[in-house]
Every structure is written in C-alpha cells, then in structure tokens.
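# Close look at the chain arrangement
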Amino acid sequence: MKALSRVISYFDLGEDAIRVETSILSGREWVYLNEKLVSKKLRKHMQTVHKFTVQGKAVNVVGQLSGRFCPSIQIELWVEGALKDSDEWDLRRMTGTAPGQKKPWPLMTTLLVIFLSGIGWAFLGYKLATWLYGG
C-alpha cells in the first residue's frame, strides 16, 4: 500500500484552472493557477489563506483542518467574498482507520506471529529429527 502524502483539489474558474496541493505530512500547501505556482504556504495553525487575483477578481483559497484530532482537510475557493466551491478530504477513511473499516495488522503483531511461527517450526523440526535419528 502506497503511503498517502498529498491530497490534490481542482477548481475551475471560467477559463482558468486552479490546483491546490496539500501535504498531509508537513502541512505545506501549493496553489497553482493554470499550472503556474501563485502561492505556497506552510500551515502553522489550523487554517491557511492564499490570496491572489484572477482576471481582476480577488480570489482566496482557504485550507483548513477540521474535526476531532484533525481527521479531515477542507479546501475552499472564495471569489469576491463568495464561496464558489469546496473539497473535503476525510483522512481517516482514506487511510483505512474510519470506524467499520478493516484495519491492517500492526507491525508488532505481524512480527510476533512470525516469531511464534518460527519457534513452532523449530520445535517440530527438532521432534522430527529426534524421532528419525533416535536421539
């Protein structure tokens, strides 16, 4: 399973395309207008605001963490003070930790199963050798 490190939101504003990339690990956000970087910020608190203009209109892209223990990221597109579009990324559901989803075995459980299986096979091999060779 590939580790989830970024979420990407796409917004259309007339002829213009806005792409917002958010790093889940570092909290850094990049905003691209027509594939040209227009803003880059590191989220220091629960919210970041990227301000720029598109065809003379004031545009704000707002990224914020929400929910208990920050399980989701919301990206909102505001044009001239009005909310035009938004995306929400539920990190618990995306990483398989939402209630009702099957959770993968933790690493320590996997290592314990391998270790105990090895002991079992070693014991079986010892008993087989002593039975065959009369030790």
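The text that follows walks through the structure, step by step, so that each part is easy to find.

Rules used in this analysis
- Residues numbered from 1 in each chain as written.
- Predicted model: local features only at pLDDT ≥ 70, side-chain atom pairs only at ≥ 80, totals over all residues.
- Heavy atoms only, no water.
- Buried < 20%, exposed > 50% of the residue type's maximum accessible area, 1.4 Å probe, protein only.
- Helix = DSSP H or I, 4+ residues; strand = E, 2+ residues; numbered from the N terminus.
- Pairing = 2+ DSSP bridges.
- Axes fitted to C-alpha atoms, helices over the stretch in contact; angles between N-to-C directions.
- Phe/Tyr/Trp six-rings, centres within 6.5 Å; stacked < 30°, edge-to-face > 60°.
- Lys NZ or Arg CZ within 6 Å of the ring centre and 35° of its normal.
- Core = buried A, V, L, I, M, F, W, Y, C linked by side-chain atoms within 4.5 Å.
- Contact = heavy atoms within 4.5 Å.

Moving on: the pairing of strand β5 (residues 47–54). On β5, burial follows the alternation: T48, H50, F52 and V54 on one face are buried, whereas Q47, V49, K51 and T53 on the facing-out side are not. Where β5 lies against strand β6 (residues 57–66), 8 bridges are found, and the strand directions are antiparallel. Looking at the pairing, V49 lines up with V62 of β6. As consecutive antiparallel partners, β5 and β6 are separated by 2 residues, and within that stretch Q55 has a phi angle of approximately 50 degrees, a positive value.

What the 4 strands build is an open sheet, ordered β5-β6-β7-β8; its pairing is antiparallel. The open sheet terminates on both sides in strands that have one partner only, identified here as β5 and β8 (82–90). The mean inter-strand angle of the sheet, taken between neighbouring strand axes irrespective of direction, is 15 degrees.

Per the counting criterion, the structure on display carries 0 aromatic pairs. A cation over an aromatic ring shows up here: R6 above the ring of W30, its NZ or CZ 4.0 Å from the ring centre. The lysine or arginine in question, R19, covers the ring of Y32, its NZ or CZ lying 4.1 Å from the ring centre.

Residue alternation in strand β1 (residues 6–13) divides its side chains into a buried set, V7, S9, F11 and L13, and an unburied set, R6, I8, Y10 and D12. As consecutive antiparallel partners, β1 and strand β2 (residues 16–23) are separated by 2 residues, and within that stretch G14 has a phi angle of approximately 65 degrees, a positive value.

Right, let's get into the nonpolar core. Membership of the largest hydrophobic core comes to 16 residues, with the highest contact counts inside it found for I18, V20, F52, V59, V61 and L77. Setting aside its immediate chain neighbours within four residues, V20 contacts V7, I8, S9, F11, W30, V31, V61 and I75.

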